[in-house]
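# Analysis of the macromolecular model
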Amino acid sequence: MSVVALANQKGGVGKSTTAINLAAALAFQGQRSLIVDLDPQGNATSGLGIDRSLIRTSIYDVLLKDEAIEDAIEPTSVKNLFVVPATIDLAGAEIELVPMLSREQRLKQALDLVKDDYQVVFVDCPPSLGLLTVNALTAASEVLIPIQCEYYALEGLTQLLTNVEMVRRQLNPRLEVEGVVLTMYDFRTNLSRDVATQVRSHFGERTYRTVIPRSVRISEAPSYGEPVEALDPMTRGSIAYRQLGREFRRRHGLE
């Protein structure tokens, strides 16, 4: 099983969108996939059609109350795609985790119990570098960084990479930056091309060839509680995420 943390402390870069649609693309391609929503905003949860008012067991209960992660896993409308949902309770978790034993290891310990049930687990991190993100990086084997093709795209990445290295050194020697995904790419603008060139020169082969376009359908899909491929499989966004899924599978030997 690969555990992939989607991380970038900047908000609005497409972390949840990429978690949902890449995991869904892999699920449609036959890979049993799990998303762990570690963001108190719960965008991956609502974006997969889970009514947060009806959630009985969430990732908060797993991390803070030692509930079994199996009890928190919810099916989605997509075959092979499952989610551990987040609720607003998670907003206080950063503070509540501080006095706990093995506070950085809580997510890893939970995921170790279900690691044989899925080919891929994606952890959707909050847009910060606190204890929730540290839990994700400690549990993960790799980090996937979505970068939007807009001004200041690389701002703050130095701090993220420093934190990844710190976690690798102190908590999780297996951790690697597996890849970078360019999101919100506008084929009409020089800015998107310039940012893509800058990112590729900085990250080299770790940058995925597939770019995710700016797309109305991708933006609309969460309001329907579905991945974009389920909503409209022929839109440019769906095609891009399918292509990203195939590229991800090749990199991970999941063909």
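For the structure, see preceding data.
With that settled, the discussion passes to the packing of aromatic side chains. All chains considered together, the criterion is met by 4 aromatic pairs. Ring plane angle 50° and centroid distance 5.6 Å describe the contact between Phe 122 and Phe 248, whose orientation is recorded as tilted. With Phe 122 in strand β5 (residues 120-124) and Phe 248 in helix α11 (residues 236-252), this residue pair connects regions lying 126 residues apart in the sequence. Summarising the burial analysis for this pair, Phe 122 and Phe 248 share the class buried. For the ring pair Tyr 151 and Tyr 152, a centre distance of 6.5 Å and an interplane angle of 50° mean the geometry is tilted. Using a relative accessible area of 62% as the deciding quantity, one classes Tyr 151 as exposed. A relative accessible area of 60% means that Tyr 152 is categorised as exposed. The cationic tip of Arg 251 hangs over the ring face of Tyr 208; the distance from NZ or CZ to the ring centre is 3.6 Å.

Overall, the coordinates contain 12 salt bridges when judged by the stated rule. Of the charged contacts, one joins Lys 65 and Asp 61 as a salt bridge, the two residues approaching to 3.8 Å between their closest N and O atoms. With a gap of 4 residues between them, Lys 65 and Asp 61 both fall in helix α3 (residues 59-65), about one helical turn apart. On the basis of relative accessible area, Asp 61 is assigned to the buried category, the value being 11%. One salt bridge in this structure joins Glu 229 and Arg 242, with 3.5 Å as the shortest N-O distance.

What follows concerns the side chain of Asp 39. With respect to the secondary-structure elements, Asp 39 resides in the loop between β2 (33-37) and α2 (43-47). Buried charge without a partner: Asp 39 forms no salt bridge, and the closest opposite charge is Lys 15, 5.8 Å away. Beyond its immediate stretch of four places on either side in the chain, Asp 39 contacts Ala 86, Leu 90, Asp 124, Cys 125, Pro 126 and Pro 127.

The next subject is the pairing of β2. Burial within β2 is extensive, with 5 of its 5 residues counted as buried. Burial along β2 is two-sided: the residues Ser 33, Ile 35 and Asp 37 and Leu 34 and Val 36 are all buried. Bridge count for β2 against strand β4 (residues 81-84) is 4 bridges, and the pairing is parallel. Looking at β4, one finds that Ser 33 is bridged to Leu 81. Taken together, the 5 bridges between β2 and β5 define a ladder with parallel strand orientation. Of the residues in β5, the one forming a bridge with Asp 37 is Asp 124.

A few words on the side chain of Thr 133. Checked against the element boundaries, Thr 133 lands in helix α6 (residues 131-139). Within the structure, the side chain of Thr 133 is placed 2.8 Å from the backbone oxygen of Ser 128, a separation counted as a polar contact. Each residue touching Thr 133, except ones within four places of it in the same chain, is listed here: Cys 125, Pro 126 and Ser 128.

Turning next to helix α1 (residues 15-28). Taking 1.5 Å of rise per residue, the 14 residues of α1 would be expected to cover 20 Å, and the 20 Å separating its terminal C-alpha atoms lies within 8% of that figure. For α1, the tally of buried residues reaches 12 of 14 residues, placing the bulk of the element in the interior. Every buried residue of α1 is listed here: Lys 15, Ser 16, Thr 18, Ala 19, Ile 20, Asn 21, Leu 22, Ala 23, Ala 24, Ala 25, Leu 26 and Ala 27. Just downstream of α1 lies Gly 30, where phi reads positive at about 95°.

Attention now moves to unusual backbone geometry. In this structure, Asn 80 takes a positive phi of about 80° despite not being glycine. Checked against the element boundaries, Asn 80 lands in the loop between β3 (74-75) and β4. Phi is positive for Met 184, close to 55°, though the residue is something other than glycine. Looking at the element boundaries, Met 184 is found in strand β7 (residues 176-185).

Reading the values: the criteria
Residues numbered from 1 in each chain as written. Predicted model: local features only at pLDDT ≥ 70, side-chain atom pairs only at ≥ 80, totals over all residues. Heavy atoms only, no water. Phe/Tyr/Trp six-rings, centres within 6.5 Å; stacked < 30°, edge-to-face > 60°. Helix = DSSP H or I, 4+ residues; strand = E, 2+ residues; numbered from the N terminus. Buried < 20%, exposed > 50% of the residue type's maximum accessible area, 1.4 Å probe, protein only. Lys NZ or Arg CZ within 6 Å of the ring centre and 35° of its normal. Salt bridge = Lys/Arg side-chain N within 4 Å of Asp/Glu carboxyl O. Lys, Arg positive; Asp, Glu negative; His and termini not counted. Contact = heavy atoms within 4.5 Å. Pairing = 2+ DSSP bridges. Polar contact = N/O pair within 3.5 Å; in protein donor to acceptor, adjacent residues only side chain to side chain. Expected span 1.5 Å × (residues − 1).

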